[in-house]
Amino acid sequence: MIKLGPALAAAGSVVILALGLLAAPPQGRLHIISSSHQDIAWMDSPEKCIAYRDTNCITPALAMMAKDPAYSFTMENMLNLMEYLERHPERAEEVGRLTRQGRMEWGATFNQPYESLLSGEQLVREAYFGRLWLKKTVPGADARVYFNPDVPGRAAQMPQILAKAGIPYLVMSRYHEGFYRWTSPDGSSVLAYSPGHYGNAAAYLNAPPAEGAKAIADKVAKWAGYYGGHGLPAEYPLLNSVDFSQPTDFGPLIAQWNGGGTTSGTTKPVMQYSTARRFFEAVDVKTAKLETITGERPGLWLYIHGPTHHWAITAAREAARLLPAAEAFSTVRSLLEGSFSGYPSKRLGAAWEAAIYPDHGWGGKEGQVTDRLFRKKYEFARDEGRAMLDGALAGIAGRIAVNPDKGRPFVIFNTLSWPVTAPAVISVPPGPRRFRIVDSEGRECASQPLPGETGSGPGRSIEFLAGHVPALGYKAFYLVEDESGPAQSQIPAVAEPLVVENRFYRLKLVPGGVASLYDKELGREVLDTEKFLGFEVFTMRSVGSGAGEFGRVQQPTMEGFDTLGRHKPAWHLVEAESGPVRTVFALEQALTDCTVRERLILYGSIKRIDCEVSLIGFDGDPYREYRLAVPVAADKGQVAYEIPYGVLDVGSGEIAGTGGPAYGNLVYDELCSDIRPREVQNFLYAGDASFGLTFSTSVAVNDYKDPTDDPVPYPILQPLLLASRRSCHSEGNWYLQEGDHHYRFSLTSHSAGWRNGYRAGIAANNPLIAVMAVSTPAGIDLPESRSFLPFSAANLVLSTMKKAEADDSVIIRAYDIEGQNAESTLELVVPAKRACRTNIIEEEGAVMAPRQGRLVLPVGHHAVETVKLVPDWRN
């Protein structure tokens, strides 16, 4: 493709002339797309920006459309329309009419997120609260263009989500100027347009009409080759979008162009007002020969969320796990009850909206107000998700036919798409009595009281190993009073250096970390501690901002570099927390700006090591960063990590090449495969041909290469715990995050390949849930163990199971995580009398014919599929 050189940028404003690819054909059209780039805030507090959008953007645009029947205007987010109608319900008919006419255009998603920060289901809800909301709220209207021009990053599966939501077009930026067929790994694609940077044409639009028209004519002539070579019709975009820009009267420019002689000897394209949708539909022809782009464009602005907003993003990640679980088990409960009358549709809707509310505009002017609002939204979504999930599980537990003669019954629930064996915690009655735990067959489970709770006070609890809890299901267990209590583990003697051994691993603990981790099953060392100890906390200088006009991620430096190992804090055995289930070691070390507390947890019966890290009393030292090191003994080994709806292999899963020139001297010149750190969902993997290590992470941003001087060649997995940077806005806030920060990570090793470890990596972030079982005599109809998973294929993961938006049908959304085709049987708790495939926002498609209440769903590699089933409530 043709690569353009630096483009012009206007001083003091960010104006887009999305003229990118103009040719000089004998005829055609120049589409002026008058628009406004909108963060939720950034320019000021959210409240002031909402008012500004009303009085300076949307209301003036409506006035201009009333005055000029040819004028059109585009707002990039559906949230902008929601806000406006809340402020002006009296204008709903007018706005609806103009939207149906296609003159008032709204972006097809709720807002413009950091795509790879969100879960796959959160990204889907962008379309629910975008295009689907518009179609329900304004009958006859539609939105077909996704706008995200500011963020230099694209999620690999976002084109599939858009295409399957009926959103075929993408306006992006900060990428090589051109048109692309942006494709997901399953083959789904959207037509994407990038102007290079959305500030590139300010000179054209700010110039006097005659001067601007001449510059446009020169640009048209330069692009003749591109359009001709790519089979594009003579339809050219002129996208005018400034941060919070107001509607602009381009009448003088249009008159100058259409009536002037700026292209002597040629027939000029006609200049007119348009919208992004009208332009895309005009240029989207079968003869187009566009470059296909496939893969992830790793985000460059990732320091703005996880490392600099740890508490908020922790809540966001928890909400992303809790809300689908709440939907799925609320659906199961309704199916068991034979009615959706108790299904919490409104609560779920409000929680999902809050879970995707924060956009890419953290910080900025009055950024402390924006950041506080964003955090509250995430915490609301998390808390509502937990409350609704608890209610659904309690309702299901009350229907289980437990046997009180076996002991005090309780139920362990598993929210994942595969059976899980993992530790679980159950509350026990207060008092001096001791208990053991057995399953429904009377087999005793390894258990131990949690520390400080062996007395008679309230809130006592026991941790035990829950074995083989069914996928998306439950298993009943029983508390049995036993004066002897659970057996105590044989704790190894404390030595220095301390060597700890169980049936899976032999660890050598040294001051500050782990010197050796030997896998007894694989017969090999899995850590390379030549430079960093295993699980060693270290700190670096971290000068930079979250987002900004930089071409590469601003990396930390060695100024103030320090590690726990330098201070030699000794590990000690935490005897009160050690027993048959787990053995715990801890250390503590005061550093310059905080105290680091670290705990290692070894489980006796599962191949897993947990690491808990706390930064206590961080004082907000500016430009300071903390990381945790897990150096993997795989010289030049392969690294992979979970992304929304999939797994990315580093080095091959990214888009090819660089981001290219943006404007002026800003060039995204780093190969996308080399960009780091990365936005990670649940886990990272590192390994070679002989073994693999899967590391479950509680933070959003993680690295895998040595960031220090003289870097080592083997992978060092590194969660970015915290970074005290500041907003790039000239009046923006610092992200200092003074206070206490807590993290949890999990490690397991296995045979080579991430497919052998991803389930453990996801499961560590999705703990089993305990519910006391109080059976309701009228409703007892469930066995002591059951799975509600509606499909059978092992490579499929449930994204959600929910009540349909439009009726009392059931929506099931699942995706292939392993890159393999699958054919799976679908089955609900009750038989399905009708079924159909739908698009991702539940619009019906091909009918599926169930046989004996079951149906077969083919799922292609990397595909996300959505089906709608009508329950037969009579059965």
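**Student:** Looking at this structure, how should I read the sheet that holds strand S26 (residues 595–603)?
**Tutor:** For sheets, the rule is that strands pair by backbone hydrogen bonds, running either parallel or antiparallel. Taking strand neighbours across the sheet as the criterion, the nine strands line up as S24-S25-S26-S27-S38-S35-S34-S29-S30 in an open arrangement whose pairing is antiparallel. Where the open sheet ends on each side, the last strands, each with one partner, are strand S24 (572–573) and strand S30 (646–649). Strand direction decides the pairing type here: strand S29 (residues 638–643) and S30, joined by four bridges, are antiparallel. When the bridges of S30 are listed, Glu-642 appears paired with Val-647.

**Student:** Help me out: how do you make sense of the sheet that holds strand S42 (residues 810–816) in this one?
**Tutor:** Ordered in space as S41-S42-S47-S44-S45, the five strands form an open sheet in which the pairing is antiparallel. On the outer flanks of this sheet lie strand S41 (796–803) and strand S45 (844–848), each paired with one strand and no other. Geometrically, the sheet is characterised by an average inter-axis angle of 30° between neighbouring strands, direction not taken into account. Two elements, S41 and S42, share seven bridges in a ladder whose sense is antiparallel. The residue bridging Leu-798 from the neighbouring strand is Ala-814, located in S42. With respect to the sheet, helix H4 (residues 120–137) is in contact with S41 and S42, its orientation differing from that of S41 by roughly 40°.

**Student:** What's the story with the side chain of Ser-245 in this structure? I'm lost.
**Tutor:** Structurally, the position occupied by Ser-245 is in the loop between strand S8 (235–243) and helix H9 (251–259). Of note is the side chain of Ser-245, whose polar atom sits 2.7 Å from the backbone oxygen of Ser-35. In contact with Ser-245, other than residues within four places in its own chain, are Ser-35, Ser-36, His-37, Cys-57 and Phe-73.

**Student:** Sorry if this is basic, but what is going on with the packing of aromatic side chains here?
**Tutor:** Inspection of the entire model under this criterion finds 37 aromatic pairs. Relative to Phe-279, the ring of Phe-179 has its centre 5.9 Å away and its plane inclined at 35°; by these criteria the two rings are tilted. Taken together, the positions of Phe-179 in strand S6 (residues 178–183) and Phe-279 in helix H10 (residues 276–283) put the pair 100 residues apart, joining distant regions of the chain. By relative accessible area, which is 2% here, Phe-279 ends up buried. Here the aromatic rings of Phe-538 and Phe-561 are separated by 6.1 Å at their centres, their planes lie at 50°, and the arrangement is tilted. With Phe-538 in strand S22 (residues 536–541) and Phe-561 in strand S23 (residues 557–563), the pair connects residues that are 23 residues apart, well separated along the chain.

**Student:** Looking at this structure, how should I read the pattern of salt bridges?
**Tutor:** Once their charged atoms are close, side chains differing in charge can pair, the charge on each being opposite to the other. Enumeration over the complete set of coordinates arrives at 58 salt bridges. Of the charged contacts, one joins Glu-121 and Arg-125 as a salt bridge, the two residues approaching to 2.7 Å between their closest N and O atoms. Residue Glu-121 and its partner Arg-125 are both found in helix H4; the two are separated by four residues, about one turn of the helix. There is no split in this pair, since Glu-121 and Arg-125 are both buried. Residue Asp-186 is joined to Lys-164 by a salt bridge in which the shortest nitrogen-to-oxygen separation is 3.8 Å. Of this pair, Asp-186 sits in the loop between S6 and strand S7 (189–194) while Lys-164 sits in helix H5 (residues 158–164); the two residues are 22 residues apart in sequence, bridging distant segments of the chain. Here the salt bridges share partners, and the residues they tie into one network are Glu-463, Glu-577, Arg-582, Arg-599, Arg-608, Asp-610, Glu-612 and Arg-744.

**Student:** Looking at this structure, I do not really get the confidence of the model for the protein. What am I missing?
**Tutor:** The predicted coordinates should not be examined in detail at positions where pLDDT is low. Averaged over every residue, the pLDDT of the protein is 92; the share at 70 or more is 92%. Taken as a whole, residues 1–26 scores under 50 in pLDDT and shows 105 contacts with residues more than four places along the chain or in a different chain. Counting contacts from residues 453–457, a segment whose pLDDT is below 50, to residues more than four positions away or on other chains yields eleven contacts.

**Student:** How should I be thinking about the environment of Asn-111 in this particular structure?
**Tutor:** If you trace the backbone, Asn-111 turns up in the loop between strand S3 (104–106) and H4. We classify Asn-111 as buried; its relative accessible area is 1%. In this structure, the C-alpha to C-alpha distance between Asn-111 and Gly-637, residues 526 residues apart in sequence, is 38 Å. For Asn-111, the contacting residues outside a window of four places in its chain are Ile-40, Asn-77, Glu-126, Tyr-146, Ile-356, Tyr-357, Pro-358 and Asp-359. Within the local environment of Asn-111, its side chain forms a polar contact with the backbone oxygen of Tyr-357, the two atoms lying 2.8 Å apart.

**Student:** What exactly am I supposed to notice about the pairing of strand S16 (residues 461–469) here?
**Tutor:** Walk down a regular strand and you will see the side chains alternate between the two sheet faces. Buried residues dominate S16, accounting for eight of its nine residues. With seven bridges connecting them, strand S12 (residues 420–427) and S16 associate as antiparallel partners. Of the residues in S16, the one forming a bridge with Ala-422 is Ala-466.

So, how was this worked out
- In this convention, every chain numbers its residues from 1, walking through the sequence in written order.
- In keeping with the predicted nature of the model, local features appear solely for residues at pLDDT of at least 70, side-chain atom pairs appear and are counted solely at 80 or more, and the whole-chain, interface and lining totals rest on all residues.
- Side-chain numbers here rest on the full set of heavy atoms in the structure, without hydrogens or water.
- Strand pairing requires that DSSP identify at least two bridges connecting the strands.
- Only DSSP runs of H or I with at least four residues qualify as helices, and only runs of E with at least two residues qualify as strands; both kinds are numbered from the N terminus onward.
- Angular values range over 0 to 180 degrees, each being the angle between N-to-C directions of two axes fitted as lines to C-alpha atoms, with helices fitted over their stretch in contact.
- Any two residues whose heavy atoms approach within 4.5 Å at even a single point are treated as in contact.
- The definition of a polar contact used here is a pair of N or O atoms within 3.5 Å, where within protein one atom must be able to donate a hydrogen and the other to accept one, and adjacent residues in sequence count solely through side-chain atom pairs.
- Stacked, tilted and edge-to-face are the three classes assigned to paired rings of Phe, Tyr and Trp, where Trp is represented by its six-membered ring and a pair needs centres within 6.5 Å; plane angles under 30 degrees give stacked, over 60 edge-to-face, the rest tilted.
- Exposed residues in this analysis have more than 50% of their type's maximum accessible area, buried residues have under 20%, and partly exposed residues fall in between, with area computed by a 1.4 Å probe over protein chains only.
- Salt bridge, as applied in this entry: a Lys or Arg side-chain nitrogen positioned within 4 Å of an Asp or Glu carboxyl oxygen.
- One confidence number per residue, pLDDT, is output by the predictor and ranges from 0 to 100.

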